[in-house]
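Tertiary structure, described
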Amino acid sequence: MDVPDKSTALDVFDRVAARYPEMQPMRASTLMAVDAEYVRPETPLREGEELALMPPVSGGSAAWSYADGESC
Amino acid sequence: MVLRGRRVMLIRVQEEPLALDEVVRAVEHAAAGGLVTFSGVVRDHHEGKRVTAIAYEAYGAMAEAKMRQIGEDVERRWPECRVAMLHRTGKLEIGEASVLIAVSAPHRAEAFDACEYAIDTLKQLVPIWKKEAYENGEVWLEYEHRLAQEQARGPGPARTASPTT
């Protein structure tokens, strides 16, 4: 995805969410990673970096429960 | 396994079934008097619902990178420990192992502590999701993200370094 210079991880989230509006409610809770390292949303991106957006998955109250001590 | 005089830590995310003896062999050595393993196994229920199968999906490169960071962290905190970790992806049946960890140490106390730390941290930092299939539907579950958010905030102004603990 091509983004303007000085875009942040959150800017890219917003561009993606514009295309997939169902992501909008996850704006504050989405984890972001650049080149396999967790980063803050306001982190500026550099040419060639890989950004991952990891929203909390839908599934109602069951979401976010992977590591609450229940799973294994 | 030795590379340029240094042991290579066994860390892998894979679709194939996991074998406990692989992680055990990776950490056993003559000075290790205690060897602890942890197997995370697909169980048949979750919050009162009957689970029929589970699918795991990993953000592959990052998952292995985070597992390696955790392994290095373990060997830093418990310098005499050796650790190995495997995580499976794809569809698993009840009773199959999704994650295996082995830790060896001269004495059992460090091995138990380090193994517990490794699995607890793995579950909070490694980007692997699971989808549970129930008798009447399925749902995606996330890994607990508090530690990941702490890493994202990091000690520095913008970017984070490796784990701080």
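Cut-offs and rules
- Residues numbered from 1 in each chain as written.
- Chains lettered and ligands numbered in written order.
- Predicted model: local features only at pLDDT ≥ 70, side-chain atom pairs only at ≥ 80, totals over all residues.
- Helix = DSSP H or I, 4+ residues; strand = E, 2+ residues; numbered from the N terminus.
- Buried ≥ 20, exposed ≤ 12 C-beta atoms within 10 Å, placed from the backbone.
- Contact = placed C-beta atoms within 7 Å.
- Pairing = 2+ DSSP bridges.
- Axes fitted to C-alpha atoms, helices over the stretch in contact; angles between N-to-C directions.
- pLDDT = per-residue confidence, 0-100.
- Core = buried A, V, L, I, M, F, W, Y, C linked by C-beta atoms within 7 Å.
- Arc of directions from axis to C-beta.
- Parallel < 35°, antiparallel > 145°, perpendicular 65-115°, else oblique.
- Left-handed = near helix turned anticlockwise from the far one by under 90°.
- Nonpolar A, V, L, I, M, F, W, Y, C, P; charged D, E, K, R; others polar.

1. What about the overall build of chain B?
- Along the backbone of chain B there are four helices and 11 strands.
- A buried classification covers 36% of the 165 residues belonging to chain B.

2. Description of the overall build of chain A
- A tally of regular secondary structure across chain A gives one helix and three strands.
- Counting helices and strands in the order they occur from the N terminus, chain A gives α-β-β-β.
- Here chain A, with 72 residues, has 21% of them falling under the buried criterion.
- Of the contacts formed within chain A by residues at least 6 apart in sequence, a portion of 45% connects residues at least 24 apart.

3. Side note on the sheet that holds strand 9 (residues 97–105) of chain B
All names here are of chain B.
- The strand order across the open sheet built from four strands is 3-7-9-4, with neighbouring strands paired in mixed fashion. For this open sheet the edge positions go to strand 3 (11–14) and strand 4 (34–41), each flanked by a neighbour on one side alone. Here the average twist between neighbouring strands, direction ignored, is 5°.
- Bridging between strand 3 and strand 7 (residues 82–88) involves four bridges; their strand directions are parallel.

4. Brief notes about the confidence of the model for chain B
Residues and elements named next belong to chain B.
- Residues of chain B with pLDDT of at least 70 account for 87%, and the chain-wide mean is 87.
- Across chain B, helix 1 (residues 20–27) holds the top mean pLDDT of 98, while strand 1 (residues 2–3) sits lowest at 52.
- This model gives residues 156–165 a pLDDT under 50, and the stretch forms 19 contacts once residues within four places in sequence are excluded.
- The ipTM, which scores confidence in the relative placement of chains, is 0.73 for this predicted complex, and the corresponding pTM is 0.81.

5. Points about the nonpolar core
All names here are of chain B.
- Counting 47 residues, the largest nonpolar core has Val-83, Met-85, Ile-101, Val-103, Ala-114, Ala-118 and Leu-122 as its most contacted members.
- Counting residues per element, this core draws most heavily on helix 3 (residues 108–125), which supplies eight residues.
- Aside from chain neighbours lying at most four places away, what touches Val-83 is Met-9, Val-27, Gly-71, Val-74, Glu-75, Ile-101, Val-103, Ala-114 and Ala-118.

6. Some points on the sheet that holds strand 1 (residues 31–34) of chain A
Residue and element names in this part refer to chain A.
- As summarised here, the arrangement of the three strands in space is 2-1-3, forming an open sheet in which the pairing is antiparallel. Each edge of the open sheet is held by one strand with a lone partner, namely strand 2 (37–39) and strand 3 (51–54). Across the sheet, the axes of successive neighbouring strands diverge by a mean angle of 35°, strand direction being ignored.
- One ladder, built from three bridges, connects strand 1 with strand 2; its direction is antiparallel. Residue pairing across strands places Val-34 opposite Glu-37, the latter belonging to strand 2.
- Contacts from helix 1 (residues 9–19) reach strand 1, strand 2 and strand 3 within the one sheet, and its direction differs from that of strand 3 by about 65°.

7. So, helix 1 of chain B
Residues and elements named next belong to chain B.
- By the burial criterion, the buried members of helix 1 are Val-23, Ala-26 and Val-27. The buried residues of helix 1 all sit within an arc of 85° when viewed along its axis, so they share a single face.
- Turning to helix 1, the residues buried within the fold contact strand 4, strand 7 and strand 9.

8. Observations concerning the confidence of the model for chain A
- Taken over all residues, the pLDDT of chain A has a mean of 78, while the share at 70 or more is 76%.
- Between residues 58–72 of chain A, whose pLDDT stays under 50, and residues either more than four places distant or in other chains, the model counts 32 contacts.

9. Considering the packing of helix 2 (residues 60–77) of chain B against helix 3 of chain B
Residues and elements named next belong to chain B.
- For the pair helix 2 and helix 3, the least separation of the axes is 10 Å and the interaxial angle reads 150°. The angle between the axes of helix 2 and helix 3 places the two elements in the roughly antiparallel class. Seen along the crossing, helix 2 lies across helix 3 with a hand that is right-handed. Contact with helix 2, carried on its side by Lys-66, Met-67, Ile-70 and Val-74, involves Ala-114, Tyr-117, Ala-118, Thr-121, Leu-122 and Leu-125 of helix 3 and no other residues of that element.
- For the contact of helix 2 with helix 3, a count of residues per class yields eight nonpolar, one polar and one charged.

10. Thoughts on unusual backbone geometry
All names here are of chain A.
- One non-glycine residue, Asp-35, lies in the positive phi region at around 45°.
- Locating Asp-35 in the fold gives a position in the loop between strand 1 and strand 2.
- Of note, Ala-36 is a non-glycine position whose phi angle comes to about 70°, a positive value.
- Within the secondary structure, Ala-36 is located in the loop between strand 1 and strand 2.

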